[in-house]
Each structure stands twice: as C-alpha cells, then as structure tokens.
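# Structural features, examined
Each chain, written out:
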Amino acid sequence: MASSTVRPESRDRRAEQDVTRRLLDSAAKLSYDPLVEVDWDTPLDKDFHGASPEWSTLYGTAYWQELTDAQRKELTRQEAASVASTGIWFEMILQQMVLRDIYAKDPTSPRFQWALTEIADECRHSIMFARGAAKLGAPAYRPRRAAVELGRIFKTVAFGEAAYAAILVAEEVLDVMQRDWMRDERVVPFVRTINNIHVVEESRHMKFARDETRRRLRHAGPLRRQLNALVIAIASYVIVTSMVNRDVYGHAGLDTRRALTEARTNEHHRSLMRSSCSGLMEFLASARLLTGPALFFYKRAHLI
C-alpha cells in the first residue's frame, strides 16, 4: 500500500539516481589511464593503417584504386588524426554544456558526481587524441571557421535534450567506426588501444546521454520538441561533416581537388555511415526527434 502512494516524481528521481550510481560504480571498476595504457614510446610503424581502410572517404572510388599501398596507409593515418581532432573539438563543447547543466546543483547527488566523472573522462580522452594525432604525423586539424563559430553558439545556448541528444549523436558516430578500428589488425596498435579505451568509457557516456534525453523530453510540448529536433539535426550535420578535414588529402600527398570531388560522391562511404547510424536513428525516432525539417539535415549528412 505504501508504495502506491509514492509520487511519480519521487520514483523518477530514485530511478535516475540508480542509473548514475551504476555508472559511477562502472567508472570505478573499468577506467583507463591513457598515459600508462597506450604505447607512446614505440616509433610509428608506417606499415600499418591509421584506421580501417574501408572507412576511408576515398575507399571504393577510382582514385583509391590508383593509390599505392603506402599512399592508402598515409591517407587513413591522416583521416584518423582528423577524426581525433574533431573529437577534441566536440569534447570541449560537451564539457562546457555538462558543467553549465550542473552549475550550483547538489554536489552530494550521484548525478552531479557522475557529471564530473564524465568530464574527467573527456579531459583524458582529449589529451589521448591529441597525442595520438601527433604520433600519426598529422598537423592540428581544425574544423572550418563557420563550424567553430556555430559550435561556440551551440555550447552557449543549448540545454536539456538538445545538449544531451547532440552529445549522443557525436559519441554514437565515433563509437561505431572505432569499434571497427580497434578490432582491425591492419590498424597501428597504439591507435587500436586508443579506440578500445574510448569505446569502453564512452559506452557509459552514451547510456547517460540517452537517459537524459528521454528524461528531458518527458514533459516536452510539440513546439519544444520540434525546435529541439531541428537544433539537434543541425548540430549533427556540422559534427559529421567536420570529421574529415579537407586538408588531409594534401598532407597525404594527394590531389586535394580530385580527392574532394570523389569523396563527396562516394556512395560506399555514404552507405557505411547510414548503416552504422541505424541504431541512433531508431533512438531518435522513438524520442520523436525525426521531424521533417530534422530529416533534411540527417539526409544531407548521409546518416539516414
């Protein structure tokens, strides 16, 4: 009888605390120190790829067929470094949004402490990605100026489900490709270790982002849902289209103009992106975030 009088809000709060406690327990048992776990001292072995070649933006094109084995490996190393640099950029946005979300809230709550744990994870990941990109022999790839400025606006104004769903999109897209890379023996060992660390620790972040998105949307009206669906889709488009910097082709010794032309029309890469994001799109659909305007941007990014 007593349980039937418990308010829904109290049950929701307890369920939320249970989730964050489990995440904290998982982080305590299964976290890594990249400075120790990753082999930073062994010189780069250029007989390896930087990523699974099937994930290259040129894989399957006529240009790819013309490249030597050494050129293909150098291209995947540059592309992997670019993805890592984009990851750093978005992780910095993520950290600011999460900090803003918990500002002046109860520091004794499991949710507050989990948020700080996630930020600590992201700090380690960013350092790991930065060192990894440098070891791959890549320059500091940065998103386009327009993307940087849009990110500056987004991290300042995004809140609630818009912030957490955008976090989820970035993490899910990286997660799928990195699961392939970490198992691929053609990929240089230290990159495989980096990917393994990121996949393990980001699985907790994705769980939290999904739960937060659902929770924030629980009482959202139609207008709020429509607006945030569009904001999330635009953020997703900017993130995904920023992953591989156009300068990777020049740094790999390729003809940038031709490479860009073939990459933009590479149906293999588009198909790979769509298939890898099927689970993410199912989640967004279940949350009623795949509105007509939002679909326009997901299709432009080849996520659906």
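So, here's what we can say about the structure. From a predicted model like this one, the values you see are computed outputs, not experimental measurements. By convention here, each chain's residues receive numbers from 1 onward along its written sequence. Thresholds applied to this predicted model are a pLDDT of at least 70 for local features of residues and 80 or more for the giving and counting of side-chain atom pairs; totals over whole chains, interfaces and linings are not thresholded and use all residues. Side-chain metrics in this entry use all non-hydrogen atoms of the structure; hydrogen atoms and water are not considered.

Turning next to unusual backbone geometry. Of note, the phi angle at Ala 104 is positive, near 65 degrees, even though the residue is not glycine. Each helix is a run of H or I in the DSSP string that is no shorter than four residues. Each strand is a run of E no shorter than two, and both are numbered from the N terminus. Along the chain, Ala 104 turns up in the loop between α4 (69-102) and α5 (110-135). Of the residues examined, Ala 104 reaches a relative accessible area of 72% and is grouped as exposed. Unusually for a residue other than glycine, Arg 288 sits at a positive phi of about 60 degrees. Its place among the elements puts Arg 288 in the loop between α13 (278-286) and α14 (292-300). Relative accessible area decides the class of each residue, using a 1.4 Å probe on protein chains only: under 20% of the type maximum gives buried, over 50% gives exposed, and in between gives partly exposed.

Attention shifts here to a nonpolar patch on the surface. Patch construction takes residues with relative accessible area above 30% that form no salt bridge. Like charges are linked within 9 Å, and nonpolar side chains (Val, Leu, Ile, Met, Phe, Trp, Tyr) are linked within 5 Å. The method behind every accessible area is Shrake-Rupley, applied with a 1.4 Å probe, and residues are considered shielded solely by the protein chains displayed. One speaks of a salt bridge when a side-chain nitrogen belonging to Lys or Arg is within 4 Å of a carboxyl oxygen belonging to Asp or Glu. Residues Leu 35, Val 36 and Ile 127 make up a contiguous nonpolar surface patch of roughly 310 Å² in combined accessible area. Residue position: Leu 35 is located in helix α2 (residues 34-37).

Once that is clear, we can look at the layout of surface pockets. By volume, the largest pocket amounts to about 880 Å³. Here a cavity is any set of points on a 1 Å grid over the protein atoms alone where a 1.4 Å probe fits but cannot get out, and a pocket is any open set with protein on both sides within 12 Å along at least 5 of 7 lines; a residue lines the site when it has an atom within 4 Å of a point. Every residue lining the largest pocket is counted, 33 residues in all, and those nearest its centre are Thr 57, Val 240, Thr 241, Val 244 and Arg 264. Counting residues per element, the ones that place at least two in the lining of the largest pocket are α4, α7 (160-183), α9 (222-241), α11 (256-264) and α12 (267-276). A breakdown of the residues in the lining of the largest pocket according to their chemical character gives 16 nonpolar, 10 polar and seven charged. Grid points are joined across faces, edges and corners, and a volume is the space filled by probe spheres set on the points. Gly counts as polar in this scheme, as do all residues outside two lists: the nonpolar Ala, Val, Leu, Ile, Met, Phe, Trp, Tyr, Cys and Pro, and the charged Asp, Glu, Lys and Arg.

Angle between the axes and distance between the axes: these two values describe a pair of packed helices. With their axes 8 Å apart at the nearest point, α4 and helix α6 (residues 145-157) run at an angle of 15 degrees to one another. Looking at the two axes, α4 sits roughly parallel to α6. Once α4 is placed against α6, the crossing between them reads as right-handed. Two secondary-structure elements touch here, α4 through Trp 89, Ile 93, Gln 96, Met 97 and Arg 100 and α6 through Ala 147, Val 148, Gly 151, Phe 154, Lys 155, Thr 156 and Val 157. For the contact of α4 with α6, a count of residues per class yields seven nonpolar, three polar and two charged. Every axis in this analysis is a line fitted to C-alpha atoms, fitted for helices over the stretch in contact. Angles between the N-to-C directions lie between 0 and 180 degrees. In this scheme, roughly parallel covers angles under 35 degrees and roughly antiparallel covers those over 145, while 65 to 115 is roughly perpendicular and the rest are oblique. By convention, the crossing between two helices is left-handed when the near helix turns anticlockwise from the far helix through less than a right angle, and right-handed when the turn is clockwise. Contact between two residues is taken to exist if any of their heavy atoms lie within 4.5 Å; hydrogens are not considered.

Among buried residues, the Ala, Val, Leu, Ile, Met, Phe, Trp, Tyr and Cys ones that are joined through side-chain atoms within 4.5 Å form a nonpolar core. Formed by 89 residues in total, the largest nonpolar core has its most connected members in Leu 58, Leu 75 and Tyr 249. Look past the residues within four positions of Leu 75 in its chain and what remains in contact with it is Ser 56, Leu 58, Trp 64, Leu 67, Val 248, Tyr 249, Ala 252 and Leu 254.

With that settled, consider the environment of Met 273. Topologically, Met 273 is positioned in helix α12. Judged by its relative accessible area of 5%, Met 273 is buried. For Met 273 and Ala 301, which are 28 residues apart along the polypeptide, the C-alpha to C-alpha distance reads 8.8 Å. Excluding residues within four positions of it along the chain, Met 273 makes contact with Trp 55, Val 173, Val 240, His 302 and Leu 303.

Okay, α7 next. The terminal C-alpha atoms of α7, which comprises 24 residues, lie 35 Å apart, in line with the 34 Å expected from a rise of 1.5 Å per residue. Where burial is concerned, most of α7 is hidden: 20 out of the 24 residues are buried. Working rule for helices: expected span equals 1.5 Å times residues minus one.

Relative to the helices and strands, Val 187 is located in the loop between α7 and α8 (189-217). You can call Val 187 buried: its relative accessible area is 0%. Through-space distance from the C-alpha of Val 187 to that of Thr 76 is 9.2 Å; in sequence the pair is 111 residues apart. Once you skip the residues sitting within four places of it in the chain, Val 187 turns out to touch Phe 48, His 49, Gly 50, Ala 51, Ser 52, Trp 181 and Arg 192.

In this section: the packing of aromatic side chains. Pairing of aromatic rings covers Phe, Tyr and Trp, the last counted by its six-membered ring, and requires centre-to-centre distances within 6.5 Å; plane angles under 30 degrees mean stacked, over 60 mean edge-to-face, and any other angle means tilted. For the structure on display, the rule yields six aromatic pairs. Geometrically, the ring pair formed by Phe 296 and Phe 297 is edge-to-face, given 5.1 Å between the ring centres and 90 degrees between the ring planes. Judged by its relative accessible area of 45%, Phe 296 falls in the partly exposed class. Among the aromatic residues, ring-to-ring pairing joins Trp 114, Tyr 164 and Phe 208 into one connected group.

Relative orientation of the contacting elements α5 and α8 amounts to 145 degrees, with a least axis distance of 10 Å. Pair α5 / α8 crosses with left-handed handedness. Contacts between α5 and α8 involve Arg 111, Trp 114, Glu 118, Asp 121, Glu 122, Arg 124, His 125, Met 128, Phe 129, Gly 132 and Lys 135 on the former and, on the latter, Phe 190, Ile 194, Ile 197, His 198, Glu 201, Glu 202, Arg 204, His 205, Phe 208, Glu 212, Arg 215 and Arg 216. Of the residues in the contact of α5 with α8, the class split is seven nonpolar, four polar and 12 charged.

Here we take up α13. Buried within α13 we find Leu 280, Met 281, Phe 283 and Leu 284. Buried residues of α13 fall within an arc of 155 degrees about the axis and therefore sit on the same side. Set apart from the buried face of α13 by more than 90 degrees, the exposed residues are Glu 282 and Ser 286. As for α13, its buried residues are in contact with α7, α8 and α14. One or two residues past the end of α13 sits Arg 288, with phi positive at roughly 60 degrees. The reported arc concerns the directions from the helix axis to the C-beta atoms and nothing else.

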